[in-house]
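Listed below, chain by chain, are the residues.
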Amino acid sequence: MIEIKGLHKSYVTGANSLHVLKGIDFTVEEGEMVAIMGSSGSGKSTLLNILGMLDEADEGSYELDGKPIKKLNEKIAARYRNKFLGFVFQSFNLISYKNALENVAMPLYYQGVKRGERFSKAMHYLTKVGLADWATHLPNELSGGQKQRVAIARALASEPKVLLADEPTGALDSTTSYEVMEIIQGINDEGKTILIVTHEDDIAHMCKRIVHLKDGVIIEDSRIDQVRVKELSHV
Ligand code: ADP
Ligand code: MG
């Protein structure tokens, strides 16, 4: 599903250059659920943004679903992004004056999906994250966990092949974090490929594989026994 080789990325600001990714090789198969870990500043978001086609590497190759991702014009890049990738961010990024249903339906509008289908799909995914009863509520009437569930429904609505989440539980308390992770595990159970950036050990262990970044390289990459949120007694 994802194959990167020899990936390098530097940020140049004025006379300074910061070499953030220094040769990353990384493959993700369909259906995996991978945690990308590392301390703050280790390049996790940089890597995820490159995988998400929000940024480009300086060097190396990237194939997404068998398609080389390099120097695509913005129109094709946007089409790939819509078709293949769904994003979830720490800060939810919901539109404050639109209700939950409208937020979930929004990306479908930009993809030219007709109104009726937009809202029926949006309702389907809102229901999936357990928020059918909250469809007409505005973001400021929702808890943090509910907001993140809306953001997950929005990411799923365009039926991407890969879900990319950058610190999706970073703004949530641990009980709420676990609720969100339970939903993400359920989505992965249905076969969706998921990559989650986190610096929290307990969250990483709810994935099936942990990739550890340090000083611009992968220092560890291992499959683990996934902790199932459902089976944790205190949730
Ligand atoms: P992480 O997500 O692991 O905390 P990031 O990928 O956000 O790390 O950042 C890695 C390093 O690159 C950090 O030192 C950060 O300050 C720097 N950095 C990130 N984005 C930019 C940018 N747009 N311009 C310059 N430096 C950046
Ligand atoms: Mg980050």
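K.L.:
Could you give an account of the site of ligand 1, with specific residues and numbers?
P.N.:
Near ligand 1, the surroundings consist of Tyr11, Leu18, Val20, Ser39, Ser40, Gly41, Ser42, Gly43, Lys44, Ser45 and Thr46. Within the backbone of Gly43, an N or O atom sits 3.0 Å from an oxygen atom of ligand 1. The separation between an oxygen atom of ligand 1 and a polar side-chain atom of Thr46 is 2.5 Å. Contact with the protein chains hides 59% of the accessible area of ligand 1, taken as 560 Å² for the molecule alone. Listing elements by their share of the shell around ligand 1, those giving two or more residues are β2 (16-28) and α1 (44-51). Counting residues per element, the shell around ligand 1 draws most heavily on α1, which supplies 3 residues. Counted by class, the shell around ligand 1 contains 3 nonpolar, 7 polar and 1 charged residues.

K.L.:
If you had to explain the sheet that holds β2 to someone new, which residues and values would you point to?
P.N.:
A sheet is described by the order of its strands in space; here 4 strands give the open sequence β2-β1-β4-β5, paired in antiparallel fashion. Strand pairing shows two members of the sheet lacking a second neighbour, β2 and β5 (67-68), which therefore form its edges. As judged from the 10 bridges shared by strand β1 (residues 2-13) and β2, these two strands associate in the antiparallel manner. The partner of Val12 across the bridge, within β2, is Ser17. Across the sheet, α1 touches β1, β2 and β4 (59-64), and the angle it forms with β1 is around 120 degrees.

K.L.:
Please set out the packing of aromatic side chains residue by residue, giving values where relevant.
P.N.:
By the definition in use, this model includes 3 aromatic pairs. For the ring pair Tyr109 and Tyr110, a centre distance of 5.2 Å and an interplane angle of 85 degrees mean the geometry is edge-to-face. For Tyr109, a relative accessible area of 48% translates into the label partly exposed. A relative accessible area of 63% places Tyr110 in the exposed class.

Each value, and the rule that gives it
- Residues numbered from 1 in each chain as written.
- Chains lettered and ligands numbered in written order.
- Predicted model: local features only at pLDDT ≥ 70, side-chain atom pairs only at ≥ 80, totals over all residues.
- Heavy atoms only, no water.
- Near = heavy atom within 4 Å.
- Polar contact = N/O pair within 3.5 Å; in protein donor to acceptor, adjacent residues only side chain to side chain.
- Areas by Shrake-Rupley, 256 points an atom, 1.4 Å probe, with all protein chains shown as cover.
- Helix = DSSP H or I, 4+ residues; strand = E, 2+ residues; numbered from the N terminus.
- Nonpolar A, V, L, I, M, F, W, Y, C, P; charged D, E, K, R; others polar.
- Pairing = 2+ DSSP bridges.
- Contact = heavy atoms within 4.5 Å.
- Axes fitted to C-alpha atoms, helices over the stretch in contact; angles between N-to-C directions.
- Phe/Tyr/Trp six-rings, centres within 6.5 Å; stacked < 30°, edge-to-face > 60°.
- Buried < 20%, exposed > 50% of the residue type's maximum accessible area, 1.4 Å probe, protein only.

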